[in-house]
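Read off the chains here:
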Amino acid sequence: MSLTTVHTVADLRATVANWRAEGLRVALVPTMGALHDGHISLTHLAREHADRVIVSIFVNPTQFAPNEDFGAYPRTLPADQKLLGDAGVELCFAPSVEEMYPDGFATKVSVDGAMTNVLCGAARPGHFDGVAQVVTKLLLQALPDCAIFGQKDYQQLMVIRRFSADLNIPVEIIGAKILREDDGLAMSSRNRYLTPDERAIAPTLNKVLGDITAKAARGAELGPLLAKGREDILSAGFDPIDYLEVRDAETLELISDTVTKPARIFVAARLGKARLIDNHAIEPA
């Protein structure tokens with residue numbers, strides 16, 4: 001099948017209804033476009049779980065603060081469609097802002113507690129309310145059997161799992177491993193903001209996380225490791241660092257001494273115009 005692009009919820013639902021009538025399983029991959037190989041890897045994972053794959057492309061205004069890059073965020077729909085067609089995706093859902101938030105729209109979805117008031121939730125107030133709002137809409141608009149989200153946005157993945165369970169949304173939420181460039185930089189649409197010099201510096205984040213992860217897994221004290229990590233990131237040219245923290249892999253509660261259970265180390269730091277995030281799993285020896 002060739003790629004079909006629809007722009008309305010009605011056309012999305014009509015297509016899914018036809019697939020359902022054929023007894024087919026459906027997967028959804030929500031994105032904001034500016035697609036790269038990391039996104040395409042999500043569609044390959046989706047294919048392992050479903051007969052038909054939908055990729056949504058929507059730059060969601062409600063998850064951007066007034067001082068963030070909503071206006072500048074790359075919008076590359078024709079190139080995205082080419083990538084999706086080559087990857088064998090059947091349907092692209094590319095709604096307008098007016099289709100997603102019509103006149104009179106007045107509903108918010110939010111997740112309280114440690115899931116959203118730390119890490120990117122602390123650095124970007126209101127961000128996860130916007131994420132919860134738009135992903136709830138996408139899941140209910142398409143009602144797929146499963147939806148795929150990358151672990152690079154690990155906090156986002158956990159927030160989505162939380163509200164999907166709390167609201168009894170009948171969609172399996174599947175996390176996909178981080179896809180990296182050859183030098184270790186996590187793939188991201190925002191990497192295109194980097195100048196050549198900054199792009200050479202950017203893999204420092206992955207290297208620092210890898211060093212801390214290896215030592216933390218063997219029981220080293222986190223305080224000195226994180227202090228050294230911050231020093232290495234700043235000296236490489238990043239500034240500021242929003243956070244460099246180790247947290248419980250399930251609850252996202254802060255771990256400040258040693259790692260004795262599955263954990264994640266998270267980093268967010270600015271390099272030029274780009275705010276880069278990354279994380280590693282820490283499995284204690």
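Let me begin by describing the structure that accompanies this report. The structure presented is a predicted model; accordingly, all values stated were derived computationally and were not measured.

### So, the packing of helix 1 (residues 9–21) against helix 6 (residues 127–142)
Packing of helix 1 against helix 6 brings their axes to within 8 Å, and their N-to-C directions diverge by 45°. Judged on the interaxial angle alone, helix 6 and helix 1 are oblique. Between helix 1 and helix 6, the residues in contact are V9, L12, R13 and V16 and L140, Q141 and A142, respectively. Class assignment for the residues of the contact of helix 1 with helix 6 results in 5 nonpolar, 1 polar and 1 charged.

### Details of the environment of T5
With respect to the secondary-structure elements, T5 resides in strand 1 (residues 4–6). Using a relative accessible area of 24% as the deciding quantity, one classes T5 as partly exposed. On a C-alpha basis, the gap between T5 and S56 in space is 9.5 Å, while along the polypeptide they are 51 residues apart. Sequence-distant contacts of T5, that is, excluding residues within four places in its chain, are made with Q81, C92 and A94. Of note is the side chain of T5, whose polar atom sits 2.9 Å from the side chain of Q81.

### Focus: the sheet that holds strand 9 (residues 274–282)
Taken together, 3 strands build an open sheet; the order of strands is 7-8-9 and the sheet is antiparallel. Both outer strands of the open sheet, strand 7 (241–248) and strand 9, are each paired with one neighbouring strand and no more. In this sheet, neighbouring strand axes are inclined to one another by 10° on average, regardless of whether the strands run parallel or antiparallel. Note: strand 7 against strand 8 (residues 263–271), 7 bridges, orientation antiparallel. Its bridge partner being in strand 8, D248 is matched across the sheet by A263. Across the sheet, helix 9 (residues 204–217) touches strand 7, strand 8 and strand 9, and the angle it forms with strand 9 is around 25°. Against the sheet, helix 10 (residues 222–236) touches strand 7 and strand 8, its axis set at about 150° to strand 7.

### Points about the pairing of strand 8
The two faces of a sheet get side chains in turn, since along a regular strand they alternate between them. Of all 9 residues that make up strand 8, 8 are buried, and the element is covered over most of its length. When strand 8 meets strand 9, the two strands line up antiparallel, connected through 9 bridges. Looking at the pairing, R264 lines up with A281 of strand 9. Linking strand 8 back to strand 9 in an antiparallel pair, the connection comprises 2 residues, with G272 at a positive phi of about 65°.

### Some remarks on the layout of surface pockets
Regions of empty space are outlined by a rolling probe, equal in size to a water molecule, passed over the atoms. Empty space within the second largest pocket amounts to approximately 170 Å³. Lining of the second largest pocket is provided by 15 residues; of these, M32, I57, F58, V59 and R75 occupy positions nearest its centre. Residues that form the lining of the second largest pocket fall into these classes: 11 nonpolar, 2 polar and 2 charged.

### Quick notes on the nonpolar core
Residues L12, I54, F93, V135, L139, F163 and I173 are the most contacted members of the largest nonpolar core, which totals 45 residues. For this core, the secondary-structure elements that each account for two or more residues are helix 1, strand 2 (26–31), strand 4 (91–93), helix 6, strand 5 (146–150), helix 7 (154–166) and strand 8. Looking at this core, the element that brings in the most residues is helix 6, giving 8 residues. Counting residues in each nonpolar core, the second largest holds 32 residues, with Y73, L185, L225 and V259 among its members.

### Some thoughts on the pattern of salt bridges
Tallying each qualifying case throughout the model produces 14 salt bridges. A salt bridge links D145 to R20, with the shortest nitrogen-to-oxygen separation between them at 2.6 Å. Here D145 is found in the loop between helix 6 and strand 5, whereas its partner R20 is found in helix 1, with 125 residues between them in sequence. The exposure class assigned to R20 is partly exposed, which follows from its relative accessible area of 32%. D248 is paired through a salt bridge with K261; the nearest N and O atoms lie 3.3 Å apart. You can see D248 sitting in strand 7 and its partner K261 sitting in the loop between strand 7 and strand 8, a full 13 residues away along the chain. Among the residues examined, D248 registers a relative accessible area of 9% and is labelled buried. Residue classification places K261 among the partly exposed positions, given a relative accessible area of 41%. One continuous salt-bridge network, built from bridges that share partners, spans R20, R25 and D145.

### Considering the sheet that holds strand 3 (residues 52–57)
Pairing within the open sheet is parallel, and its 6 strands lie in the order 1-4-3-2-5-6. For this open sheet the edge positions go to strand 1 and strand 6 (172–176), each flanked by a neighbour on one side alone. Sheet twist, expressed as the mean angle between neighbouring strand axes with direction ignored, is 25°. Alignment of strand 3 against strand 4, held across 3 bridges, turns out to be parallel. In the strand pairing of strand 4, V55 is matched with C92.

Criteria and thresholds
Residues numbered from 1 in each chain as written. Predicted model: local features only at pLDDT ≥ 70, side-chain atom pairs only at ≥ 80, totals over all residues. Heavy atoms only, no water. Axes fitted to C-alpha atoms, helices over the stretch in contact; angles between N-to-C directions. Helix = DSSP H or I, 4+ residues; strand = E, 2+ residues; numbered from the N terminus. Parallel < 35°, antiparallel > 145°, perpendicular 65-115°, else oblique. Contact = heavy atoms within 4.5 Å. Nonpolar A, V, L, I, M, F, W, Y, C, P; charged D, E, K, R; others polar. Buried < 20%, exposed > 50% of the residue type's maximum accessible area, 1.4 Å probe, protein only. Polar contact = N/O pair within 3.5 Å; in protein donor to acceptor, adjacent residues only side chain to side chain. Pairing = 2+ DSSP bridges. 1 Å grid on protein atoms, 1.4 Å probe; cavity = no way out; pocket = protein on both sides within 12 Å on 5 of 7 lines; lining within 4 Å. Points joined across faces, edges and corners; volume = space filled by probe spheres on them. Core = buried A, V, L, I, M, F, W, Y, C linked by side-chain atoms within 4.5 Å. Salt bridge = Lys/Arg side-chain N within 4 Å of Asp/Glu carboxyl O.

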